[in-house]
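# Coordinate inspection notes
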Amino acid sequence: MGGEQRITALYNREDRSRNVYGDGGGNMFVSVRGDEGRRGGYRGRDSEANSYRAGRGRSRLPEGHWRARGNSSVSYRGGGAASSRRPPPPRYDDLLTDESREDRQRNRRMEMYRGGRGGGRHFRRGTGNYKLDRRPQYQQPSSGWHKFTIHECGEHDPAAVMAELTTLVGQNFDYHLLATEGNNVTFFFEDNPSLNKSLLDLSRRMVMPGCNQRLRITCSPSSNPPFPPPTEENLEKVKLLMSERYSAPLKRLDLTEFHKDERLRSAGLLFPLYVPSNLSAVGRLTATNVPDVTEVDLSRNKLYRLEAVSEHLKACAGLTRLYLSNNKLGSVSCLQKLRGLPITELSLDGNPLNKQYKNTESYISAVREFFPKLLVLDGKELPRPIGFEVDESEVVTPPCMLSFFCDEHYKKIMLLFLKQYYEVYDSPDRSPLEHAYCDDVVFSMTSLLPDAGPRAVVEDNNLIPNRNLRTCTDSNHRIDLLYRSRSDVMKLLKKSPATQHDLDSFVIDMPVAKTQLIMLTLTGVYRREGLKSKNNNIRSFQRTLVIVPMGAGFCIANEQIHVTLASYDQIKEAFKTKTAAAAAGPSTAPVAAVVSSGGLEPQQLVLVEKFSAISKMLPEYSKQCLEQNAWDFEKAGTLFLQLKGEGKIPPEYFKP
């Protein structure tokens, strides 16, 4: 084969069997498989027209092949009779990344060099099928807690495994919660991304002494390691450290980066405050030992919640400065539990909550919602809030009044009116109620009762002319459900289910009481008769009444009723013994107070009410009967029956 033919065969990419070797003396041998068999030839470096130089970029041979150096004019035919030693395997440095090139010596045993001399089934010289490092590429570990797992080494002592790992890393590091899980060894590590990467680089390189198995190391982020609850021994160490961090002259407690304190680390104790049990323990020690503290610094403790320490800090009434910067508080609402503290200086910078506000004004307003006396926020002085300065120490909150009456004279009249009304309403015959309404009365009713479920009563939903705007959207239909005469109102009341009202649950609000008109709102509970379930038959109601004088009495001119299910608290308190209700005072049982007079005890009021209900006598005559019999209920009842049988009790003593 001539020179031109050899050059053509050399650069023919379809010829997969060409090889280039050298003899170490500057000559190159090219063997080409042709139709007539194998032939060999060479080219020396002295030829100007057809010389191939060894330098990269100046040769037209495939990139990366070994090239002989030196000059020689020796020619061998027939495939090279005088062959030299075989050259070293090719080096494909230009295919490696910068990081791989720096660690080439460390990676010599990896798959990228598999195949060795001559190439194997994973490595074919000249084909471009280069088997590089195919280990899983782990993402660069971030800061925070990480859980490391060393696989398939459970038969070794965990301490020995960590000693070998420390030796390979080349530096000592603090690890926590070392344990054996199955056939693996696990430990936790915090806040060192560079060391995390160094540990991962030892995966499949670490070998325990006396064992040929390469150990695999994996890493996974961990929000909170499973810290055990603090023991009494650990709390004593924490208490000692807190005493050293407390400044008595300044009344200042410094808890900055508490879990990184070297005094705790030297004692072998890890006590991060972002663990709720640890934070609660520190708050309890603070409130117990230094309740007069005025400044607490909790910065850089990775706190994301404050519920565990809020109650303890609220016990420190003099706390005015609180520093919570560089934590992980995600919302200003986490300060809700600290509301009420007289905080004048607060630091929240470096928390994720700062990114939620586009302007400073909204940020200040949100924080001042919990601390209205705040003057310094994140180291910047704030303008004083606009408002009325009130000394809260002098403010006395008035007691809660369940019932309110604007006029004492009309109070007695309305209590008697309501008592007589509900006695008739809860009786089997409601016909006498027509005398309680005007001829042109206006009556409406709404309800909020369920249509389905365990507490639903379909019959009530059908009987109640519900004008609720959420269920009755047709305005014309709402007008039809408005009753405008006494006869229409009585038809509705007569077909309504039987009830029994709890008079002791009544709460009355009477804001208007004039000679021409009285307006009041009545709320309470009643029992729906005919139902077995106690949770279903107790209902809550609210009635708004406009009462006007009519002849010698009063009549209802306008009434609005709203009925709904009673709450569980109302069900629990409904229809208890009247003794307990009367003992609570007239405000909780306003209707029963109509029979009260000066000097009567609550138990006596109960007896009067009970005697009046049974004998049908007016309350004042029932009271007189009990007083004449020394408040002996049985004796008074026997005497009443005897006198009534003899016809000696006047008719006016009884209720109309």
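Remember, it's a predicted structure, so these values are computed and weren't measured experimentally.

This part is about the nonpolar core. Counting 53 residues, the largest nonpolar core has Phe271, Leu335, Leu346 and Phe371 as its most contacted members. Elements that contribute at least two residues to this core include exactly helix H5 (232-245), helix H7 (276-289), helix H8 (307-314) and helix H9 (360-368). If we skip the residues at most four places from it in the chain, leucine 346 touches Leu322, Leu324, Leu335, Val367, Phe371, Leu374, Val376, Leu377 and Asp378. Counting residues in hydrophobic clusters, the runner-up holds 37 residues, among them Met414, Tyr422, Tyr437 and Met510.

Tallied over the entire structure, the rule returns 17 aromatic pairs. Both rings, one in tyrosine 421 and one in tyrosine 437, keep their centres 6.3 Å apart while their planes meet at 70°; by these two values the pair is edge-to-face. With tyrosine 421 in helix H10 (residues 408-425) and tyrosine 437 in strand E18 (residues 437-448), this pair connects stretches of sequence that are 16 residues apart. With 6.1 Å between their ring centres and 50° between their planes, tyrosine 526 and phenylalanine 541 make a pair best called tilted. Of the two residues, tyrosine 526 is situated in strand E21 (residues 518-528) and phenylalanine 541 in strand E22 (residues 538-550); the sequence distance between them amounts to 15 residues. Note on accessibility: tyrosine 526 and phenylalanine 541 belong to one class, buried. In this structure an aromatic cluster arises from ring pairing among Tyr421, Tyr422, Tyr425, Tyr437, Phe506, Tyr526 and Phe541. Above the ring of tyrosine 425, the side-chain terminus of arginine 430 is found at 4.2 Å from the ring centroid. The ring of phenylalanine 575 carries arginine 527 above its face, with NZ or CZ at 4.3 Å from the centroid.

This paragraph deals with the sheet that holds strand E11 (residues 252-254). The sheet built from seven strands is open, its strands ordered E10-E11-E12-E13-E14-E15-E16 with mixed pairing. Each edge of the open sheet carries a strand with a single partner, namely strand E10 (246-247) and strand E16 (380-381). Bridge analysis of E10 against E11 gives two bridges, and the strand direction is antiparallel. Looking across to E11, one finds that serine 247 is bridged to arginine 252.

Contact geometry of H7 with H8 gives a least axis separation of 8 Å together with a crossing angle of 5°. When the interaxial angle is binned, H7 and H8 end up roughly parallel. Residue-level inspection shows Pro276, Leu279, Ser280, Gly283, Arg284 and Ala287 of H7 in contact with H8, the latter providing Ala308, Val309 and His312. Split by residue class, the contact of H7 with H8 holds five nonpolar, three polar and one charged.

Our focus in this paragraph is the confidence of the model for the protein chain. The pLDDT averaged across the protein chain works out to 75; a share of 70% of its residues lies at or above 70. Between residues 13-83, whose pLDDT stays under 50, and residues either more than four places distant or in other chains, the model counts 117 contacts. Counted against residues more than four places away or in other chains, residues 578-598, with its pLDDT under 50, gives 38 contacts.

Within strand E6 (residues 184-190), seven of the seven residues are buried, which leaves the element mostly enclosed by the surrounding structure. Alternating positions in E6 separate into two faces, Asn184, Thr186, Phe188 and Glu190 on one and Val185, Phe187 and Phe189 on the other, with burial throughout. As paired strands, strand E4 (residues 145-150) and E6 are joined by six bridges and run antiparallel to one another. Across the sheet, lysine 147 pairs through a bridge with phenylalanine 188, a residue of E6. As paired elements, strand E5 (residues 176-181) and E6 share four bridges and run antiparallel to each other.

Before going further, it helps to spend a moment on the pairing of E21. Taken together, the three bridges between strand E19 (residues 499-501) and E21 define a ladder with antiparallel strand orientation. Bridged to threonine 499 within E21 is arginine 528. Of the pairings in the sheet, the one linking strand E20 (residues 507-513) to E21 comprises five bridges and is antiparallel in character. Within the sheet, the bridge partner assigned to isoleucine 508 lies in E21 and is leucine 522. A loop of four residues connects E20 with E21, the two strands running antiparallel in sequence. Relative to E22, E21 is paired through ten bridges, and the arrangement is antiparallel. Residue methionine 519 lies in a different strand from E22, and its bridge partner there is valine 546.

About the criteria used
Residues numbered from 1 in each chain as written. Predicted model: local features only at pLDDT ≥ 70, side-chain atom pairs only at ≥ 80, totals over all residues. Heavy atoms only, no water. Core = buried A, V, L, I, M, F, W, Y, C linked by side-chain atoms within 4.5 Å. Buried < 20%, exposed > 50% of the residue type's maximum accessible area, 1.4 Å probe, protein only. Helix = DSSP H or I, 4+ residues; strand = E, 2+ residues; numbered from the N terminus. Contact = heavy atoms within 4.5 Å. Phe/Tyr/Trp six-rings, centres within 6.5 Å; stacked < 30°, edge-to-face > 60°. Lys NZ or Arg CZ within 6 Å of the ring centre and 35° of its normal. Pairing = 2+ DSSP bridges. Axes fitted to C-alpha atoms, helices over the stretch in contact; angles between N-to-C directions. Parallel < 35°, antiparallel > 145°, perpendicular 65-115°, else oblique. Nonpolar A, V, L, I, M, F, W, Y, C, P; charged D, E, K, R; others polar. pLDDT = per-residue confidence, 0-100.

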